[in-house]
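For reference, the chains in residue letters:
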Amino acid sequence: MVGKGEEEVVSLDNIADGMSEMRPDKKKDIKDIDANGKKPKQKLKKSVVALLVFSIVLVLGVVSYVTIVFGNIPFVVKWRNIWIETAMTTDQHKWLATWFFPDWLIDEVMSGQVDIKDISVTDIYGNKSSDVLGQEHLVEGEKDKFGNTVFANDLEENIVILEIKKSNFTGKLVLVDDPSRVFLGATDYKGSRGEFICDYLEKENAVVGVNASGFIDKGGVSLGGDIAGQCVSKGEYWGRYDSRYTLVGFDKKDRLVVGGIEDWKEYNIRDGFQYKPTLILDGKKVVEDSAGWGLQPRTVVGQCKNGVVLLLVIDGRQVGYSIGATMEDCADILLQYGAVTAGACDGGSSSVIGYDGEVINKPCARDMPTGRYLPNAWLVARKDKDTKEDKK
């Protein structure tokens with residue numbers, strides 16, 4: 001049992017303990033703690049740190065912007081200009097330049113866009129070799145003499161397709177033995193819509209096809225029914241000549257002709273269209289670096305002295321797979337394979353290549369793995385049955 005005296009001692013101890021909890025310094029500690037359990041000084045310190053970090057980021061951002069816009073560091077200037085050129089040579093993504101750069105800088109950069117109107121007619125000496133493409137020495141899946149993989153070595157159709165892989169882009173290069181087989185096919189729905197590349201292959205009995213003309217994209221719906229400039233297909237003219245573009249076409253002697261030509265009949269053009277720029281004249285490259293055209297998906301047509309036609313398609317706008325190529329990139333590839341004349345077709349979302357009824361590249365046209373509607377296309381006619389039998 002606990003005695004009465006002991007109970008009183010305990011009660012006094014409890015009172016003493018309670019009084020110690022109410023010391024002035026303890027009260028101060030309680031006042032210094034807010035509803036979140038933090039002391040005001042701690043909150044102030046964190047606010048100062050946050051403000052300091054924000055200020056540093058802001059200053060770095062301003063300095064970086066000023067350096068990019070007004071600086072003269074070669075590396076920075078190169079990629080700034082390519083960014084602007086790439087954005088401004090699209091239909092839907094110009095805002096990537098206009099939102100971030102002043103108009104005067106955009107105008108200055110785009111004023112350097114190469115647009116050569118000089119005329120060049122390929123001086124071909126004809127094909128005397130029975131194997132002008134060197135197909136006898138090519139094996140599908142292996143490398144050619146330039147280190148590019150042979151995607152297709154079509155002996156029946158005399159077509160070679162190579163896979164082009166570089167650090168920032170991937171594409172396909174087609175070599176065609178006979179330029180007389182290359183022609184321009186146009187949509188049956190002029191003024192309304194274009195057609196897909198595989199539709200062109202089927203209706204024209206073609207083995208290979210790539211996009212050609214650009215088109216006026218009213219409302220951004222990509223129907224391809226209103227051609228940009230002028231074209232001629234099978235003797236039928238469509239569109240209106242536009243002096244801003246150059247001719248890319250074949251004459252009646254199957255020679256590739258490029259340049260600022262208004263009277264196509266004077267040059268006996270059998271199939272052709274208008275676009276820009278010219279890449280190769282008389283065997284010489286006439287574009288350097290981006291040449292004012294940025295990094296984009298590309299389609300280019302060229303011709304060698306022996307008449308062989310080159311059709312190049314580069315994929316782009318796909319991070320992790322293929323960003324795109326400059327005009328000089330394309331010219332270098334064609335020169336490697338002997339081109340003496342070359343001109344650009346429409347690029348961007350239009351760039352597509354079809355072979356034997358299928359699309360064999362990766363077009364960047366949104367949700368359209370078969371490519372977008374095209375107003376026309378460069379096509380390669382299939383060999384006739386008699387020719388195939390003779391080869392066997």
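Refer to the structure above for everything that follows.
Throughout what follows, the structure given in this document is the object of discussion. (Residues numbered from 1 in each chain as written. Predicted model: local features only at pLDDT ≥ 70, side-chain atom pairs only at ≥ 80, totals over all residues. Heavy atoms only, no water.)

## Focus on a nonpolar patch on the surface
Which entries qualify depends on this criterion: Here a patch means residues that are over 30% exposed by relative accessible area and free of salt bridges, tied together within 9 Å if like-charged and within 5 Å if nonpolar (Val, Leu, Ile, Met, Phe, Trp, Tyr). Per-residue and other accessible areas were derived by the Shrake-Rupley procedure at a 1.4 Å probe size, with only the shown protein chains allowed to occlude residues. Salt bridges are counted wherever a side-chain nitrogen of Lys or Arg sits within 4 Å of a carboxyl oxygen of Asp or Glu. Secondary structure elements are taken from DSSP: a helix is a run of H or I of four residues or more, a strand is a run of E of two residues or more, and numbering for both begins at the N terminus.
Together, Leu51, Phe54, Leu58, Val62, Tyr65, Val66, Phe70 and Trp104 line one region of the surface with nonpolar side chains, adding up to about 840 Å² of accessible area. Here the nonpolar patch gets 7 residues from one element, more than from any other, and that element is helix α3 (residues 40–70). Along the chain, the position of Phe70 falls in helix α3.

## Digging into the sheet that holds strand β17 (residues 353–355)
Selection rule: Only strands that DSSP links by at least two bridges are regarded as paired with each other.
Judged by pairing direction, the sheet is antiparallel, and its 5 strands sit side by side in the order β5-β19-β6-β17-β18 without closing on themselves. Edge strands, defined here as strands with exactly one partner in the open sheet, are β5 (182–186) and β18 (358–359). Here strand β6 (residues 206–211) pairs with β17 via 3 bridges, running antiparallel. Paired with Gly209 across the two strands is Gly354, which belongs to β17.

## A closer look at the pairing of strand β3 (residues 159–165)
Rules: Burial here depends on accessible area, computed with a 1.4 Å probe over protein chains only, as a share of the maximum for the residue type. Under 20% is buried, over 50% is exposed, and the range in between is partly exposed.
Among the 7 residues that make up β3, 5 are buried, leaving the element largely enclosed by the rest of the structure. Pairing of strand β2 (residues 149–154) with β3 involves 5 bridges; the strand directions are antiparallel. Bridge pairing links Thr149 to Glu163 in β3. Counting the residues in the hairpin turn of β2 and β3 gives 4 residues, including Asn158, whose phi is positive at 50 degrees.

## Focus on the layout of surface pockets
For the record, the criterion: Both site types are read off a 1 Å grid over the protein atoms alone. A 1.4 Å probe that fits but cannot get out defines a cavity, while an open set with protein on both sides within 12 Å along at least five of seven lines defines a pocket; lining residues have an atom within 4 Å of a point. Grid points are joined across faces, edges and corners, and a volume is the space filled by probe spheres set on the points.
If you add up the space inside the second largest pocket, you get close to 380 Å³. Around the second largest pocket sit 20 residues that line it, and Val132, Leu133, Lys145, Leu175 and Tyr337 are the ones nearest its centre.

## Description of the sheet that holds strand β9 (residues 246–251)
Read across the sheet, 6 strands follow the order β1-β10-β9-β11-β7-β8 without closing on themselves; strand pairing throughout is antiparallel. Edge positions in the sheet fall to β1 (120–121) and β8 (236–239), since each has one partner strand and no second.

## Brief notes about the nonpolar core
The condition that has to hold: By nonpolar core we mean a set of buried residues, namely Ala, Val, Leu, Ile, Met, Phe, Trp, Tyr and Cys, connected to one another through side-chain atoms within 4.5 Å.
Judged by nonpolar contacts, the single largest core of 33 residues is most densely connected at Phe273 and Trp378. In this structure, Ile164, Leu173, Ala325 and Tyr337 belong to the second largest nonpolar core, which totals 30 residues.

## A few points about unusual backbone geometry
Here the bond from Lys276 into Pro277 is cis, since omega is 5 degrees, no more than 30 degrees from zero. One can find Pro277 in the loop between β11 (269–275) and β12 (278–281). In this structure, Ser222 is a non-glycine residue whose phi angle is positive, near 55 degrees. Within the chain, Lys234 stands out as a residue other than glycine whose phi angle is a positive 55 degrees.

## Overview of helix α8 (residues 327–336)
Three- or four-residue spacings in an α-helix give side chains the same orientation, since the helix completes a turn every 3.6 residues. Among all positions in α8, only Met327, Glu328, Cys330, Ala331, Ile333 and Leu334 are buried. One or two steps after α8, the chain reaches Gly338, where phi turns positive at roughly 95 degrees.

## With respect to the packing of helix α4 (residues 74–88) against helix α6 (residues 103–110)
Rules: In this description, a line fitted to the C-alpha atoms serves as the axis of each element, helices being fitted only across the stretch in contact, and the angle between N-to-C directions of two axes falls anywhere from 0 to 180 degrees. Every angle not falling under 35 degrees, over 145, or within 65 to 115 is termed oblique; those three ranges are roughly parallel, roughly antiparallel and roughly perpendicular. A contact between two residues is defined here by any heavy atoms of the two lying within 4.5 Å. Side-chain classes are defined by residue name, with Ala, Val, Leu, Ile, Met, Phe, Trp, Tyr, Cys and Pro counting as nonpolar, Asp, Glu, Lys and Arg as charged, and the others, Gly among them, as polar.
The interhelical angle for the contact between α4 and α6, taken along N-to-C directions, is 90 degrees, at an axis separation of 10 Å. Here α4 lies roughly perpendicular to α6, going by the angle between them. On the side of α4, the interface is formed by Arg80, Asn81, Ile84, Glu85 and Met88, while α6 contributes Leu105, Ile106, Val109 and Met110. Per-class residue counts for the contact of α4 with α6 are 6 nonpolar, 1 polar and 2 charged.

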